[in-house]
Amino acid sequence: MARTAILNVMVQAAMKAGRSLVRDFGEVENLQVSRKGPGDFVSAADRRAEEIIRAELTKARPTYGLLMEESGETPGEDGQHRWIVDPLDGTTNFLHGIPVFAISIALERQGQIVAGVIFNPVMDELYTAERGRGAFVNDRRLRVAARTALPDSLIGTGLPFLGRGDHGRALKELRYVMPEVAGVRRIGAAALDLAYVASGRLDGFWEHNLNPWDIAAGILLIREAGGYVSDIDGKDTMLETGSVVAGNEFIKAQLQKLLKSAAE
Ligand code: IPD
Ligand code: CA
Ligand code: CA
């Protein structure tokens with residue numbers, strides 16, 4: 001299916017920022033061995049990618065608002081449209097030289113996500129979706145996995161770490177989920193986790209304490225690939241609560257039930 005003009009703008013922005021991230025990623029390995037480590041360099045790489053994306057999006061649609069991880073909210077004159085951007089999802093992977101990271105760009109119109117792009121520049125995997133027009137990786141149409149039984153399912157999650165999230169809840173949830181499934185993965189980039197649910201690599205995913213820029217594009221991808229996403233209570237308030245449960249209709253329902261039991 002031919003991409004619309006607006007999706008093309010998002011793709012161009014993601015690819016340009018992707019080239020910058022890949023160049024910087026090459027430097028990270030050299031810095032890894034220094035005592036100070038690549039921390040400051042990675043923050044700069046992250047900001048560079050964000051500025052590239054901002055410039056591309058603003059050039060194409062000067063009146064739209066922006067919500068970006070590094071620079072926060074920039075209201076737009078337009079009042080109807082907002083870009084939601086994570087210039088580098090998977091920062092900890094990037095920092096440690098692990099080539100699993102992505103750029104996530106979503107477009108919200110009157111509070112509804114209408115387009116999303118997630119780009120893994122190392123694998124050259126470009127995930128795109130537009131509301132009502134399906135989801136794709138490069139030119140291939142996406143469909144969530146068809147497995148219906150948890151024991152066959154590979155489930156992604158995100159784990160809290162130093163200073164972040166509810167560690168007790170995460171451990172309890174793992175205790176409920178681990179014995180029921182074929183495997184649990186902590187990939188380290190929520191946008192890619194969601195893209196992998198959309199493409200059927202993962203059968204399901206859950207995580208808490210996420211930000212809108214981690215999940216806005218991925219939610220649309222999953223829905224356009226025939227999957228289901230909600231928060232733990234089954235509500236469509238993921239951007240507000242930061243909690244996500246996803247999968248096909250069957251796996252998502254079973255996973256959500258386990259997580260509800262873990263919360264009791
Ligand atoms: C993080 C990643 C990670 C998730 C964290 C996010 P960042 O985003 O998506 O998988 O577990 O909660 O903050 O910091 O790499 O953009
Ligand atoms: Ca992120
Ligand atoms: Ca980020």
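Position labels on residues start from 1 in each chain and follow its written sequence. Chain letters start at A and ligand numbers start at 1, both assigned in the order the entries are written. It should be noted that, the model being predicted, local features are given only for residues of pLDDT at least 70 and side-chain atom pairs only at 80 or more, the latter also being counted only at that level, while totals for whole chains, interfaces and linings use all residues. Excluded from the side-chain calculation are hydrogens and water; included are all heavy atoms of the structure.

## Considering unusual backbone geometry
Excluding glycine, residues mostly have negative phi values, and the peptide bonds linking residues are mostly trans. One non-glycine residue with positive phi stands out, namely Q110, at about 45°. Only DSSP runs of H or I covering at least 4 residues are called helices, and only runs of E covering at least 2 are called strands; the numbering of each starts at the N terminus. By the secondary structure assignment, Q110 is in the loop between β4 (102-109) and β5 (112-120).

## Some thoughts on the sheet that holds strand β7 (residues 135-137)
Strand pairing within a sheet occurs via backbone hydrogen bonds; the two strands may be parallel or antiparallel. Pairing between two strands requires that DSSP report at least two bridges joining them. Reading across from one edge, β2-β1-β3-β4-β5-β6-β7-β8 is the order of the 8 strands in this open sheet, with mixed pairing throughout. Looking along the sheet, the strands with just one partner apiece sit at the ends: β2 (72-74) and β8 (140-141). The sheet contact formed by strand β6 (residues 125-130) and β7 spans 3 bridges and is antiparallel. Its bridge partner being in β7, T128 is matched across the sheet by F136. Where helix α2 (residues 39-60) meets the sheet, its contacts fall on β1 (65-68), β2, β3 (81-89) and β4, and the angle it forms with β3 comes to roughly 150°. Residue contacts are counted whenever heavy atoms from the two residues lie within 4.5 Å of one another. Lines fitted to C-alpha atoms define the axes here, with helix axes fitted over just the stretch in contact, and angles between the N-to-C directions of these axes take values from 0 to 180 degrees. Running over the sheet, helix α5 (residues 190-199) touches β3, β4, β5 and β6 and is turned about 100° from β5.

## A few points about the pattern of salt bridges
Opposite charge on two side chains permits them to pair, given that their charged atoms come into close proximity. What counts as a salt bridge is simple: a side-chain nitrogen of Lys or Arg found within 4 Å of a carboxyl oxygen of Asp or Glu. What the rule picks out here adds up to 11 salt bridges. One salt bridge in this structure joins D24 and R48, with 3.1 Å as the shortest N-O distance. A residue pair is termed long-range when its members are at least 10 positions apart, and D24 in helix α1 (residues 5-32) and R48 in helix α2 qualify at 24 residues.

## Focus: the UniProt feature "binding site: Mg(2+)" (unreviewed entry) in the chain
UniProt positions are given in the numbering used here, feature names are shortened, and annotations may be inferred rather than shown by experiment. Here, the residues flagged by UniProt with the feature "binding site: Mg(2+)" (unreviewed entry) are E69, D86, L88, D89 and D214. For the residues just named, distributed over 146 residues, the greatest C-alpha separation is only 9.7 Å, placing them together at one site. If you trace the backbone, D86 turns up in strand β3. Every residue in contact with D86, bar those within four places of it in the chain, is listed here: E69, A102, I103, S104, W213 and D214. Here L88 takes part through its backbone nitrogen, which lies 3.1 Å from a polar atom of the side chain of D86. Throughout, exposure labels follow a simple rule: accessible area from a 1.4 Å probe, protein chains only, divided by the maximum for the residue type, with under 20% read as buried, over 50% as exposed, and the rest as partly exposed. Looking at D214, the relative accessible area reads 9%, which means it is buried. Those residues in contact with D214 that lie beyond four places of it in its chain are D86, D89, A190, A191 and L194. Any N or O atom pair separated by 3.5 Å or less is treated as a polar contact, with the protein-specific requirement of one donor-capable and one acceptor-capable atom, and with residues adjacent in sequence counted only for side-chain atom pairs. A polar atom in the side chain of D214 sits 2.8 Å from the backbone nitrogen of N211.

## Digging into the coordination of the calcium ion (ligand 3)
Ideal values for angles at a metal depend on the geometry: 109.5 degrees with four tetrahedral donors, 90 or 180 degrees with six octahedral donors. The coordination sphere of the calcium ion (ligand 3), as far as protein atoms go, consists of E69 (OE), D86 (OD), D86 (OD) and L88 (O), spread over 2.1 to 3.2 Å. Within one chain, the residues serving as donors to the calcium ion (ligand 3) are arranged as E-x16-D-x1-L. Metal donors: N, O and S atoms at distances within 2.8 Å, or within 3.2 Å for Na, K and Ca, with water omitted from the atom set so that some sites may seem incomplete. Taken as a pair, the calcium ion (ligand 3) and the calcium ion (ligand 2) show a spacing of 3.7 Å, with D86 coordinating each metal. Taken together, the positions of E69 in the loop between β1 and β2 and L88 in strand β3 put the pair 19 residues apart, joining distant regions of the chain. Classification of E69 as partly exposed rests on a relative accessible area of 31%.

## A word on the coordination of the calcium ion (ligand 2)
Taken together, D86 (OD), D89 (OD) and D214 (OD) make up the full set of protein donors to the calcium ion (ligand 2), lying 2.1 to 2.3 Å away. Written as a sequence motif, the donor arrangement for the calcium ion (ligand 2) is D-x2-D-x124-D.

## A look at the domain arrangement of the chain
Each assigned domain of the chain is listed here: domain 1 (5-141) and domain 2 (150-263). For domain 1 and domain 2, the distance between their C-alpha centres works out to 21 Å. The interface of domain 1 with domain 2 comprises 34 residues on the first partner and 21 residues on the second. Once two parts are brought into contact, the accessible area they lose, counted with a 1.4 Å probe and summed over both, makes up the buried area. Contact with domain 2 buries surface across domain 1, with D89, I118 and Y127 losing the most and accounting together for 27% of the total. Applying the counting rule to domain 1 against domain 2 returns 1 salt bridge. Salt-bridge contacts for R201 lead to E125; the nearest nitrogen and oxygen are separated by 2.7 Å. For the pair domain 1 and domain 2, the interface holds 8 residue pairs in polar contact (both at pLDDT 80 or more). Among the elements of the structure, β1, β3, β4, β5, β6 and β7 are those that each provide at least two residues to the side of domain 1 that touches domain 2. Counting residues per element, the side of domain 1 that touches domain 2 draws most heavily on β5, at 7 residues. Gly is placed with the polar residues, together with every amino acid not listed as nonpolar (Ala, Val, Leu, Ile, Met, Phe, Trp, Tyr, Cys and Pro) or charged (Asp, Glu, Lys and Arg). Among the residues making up the side of domain 1 that touches domain 2, the classes are represented as 18 nonpolar, 8 polar and 8 charged. For the domain bounds, the source is a domain assignment made automatically or taken from a database.

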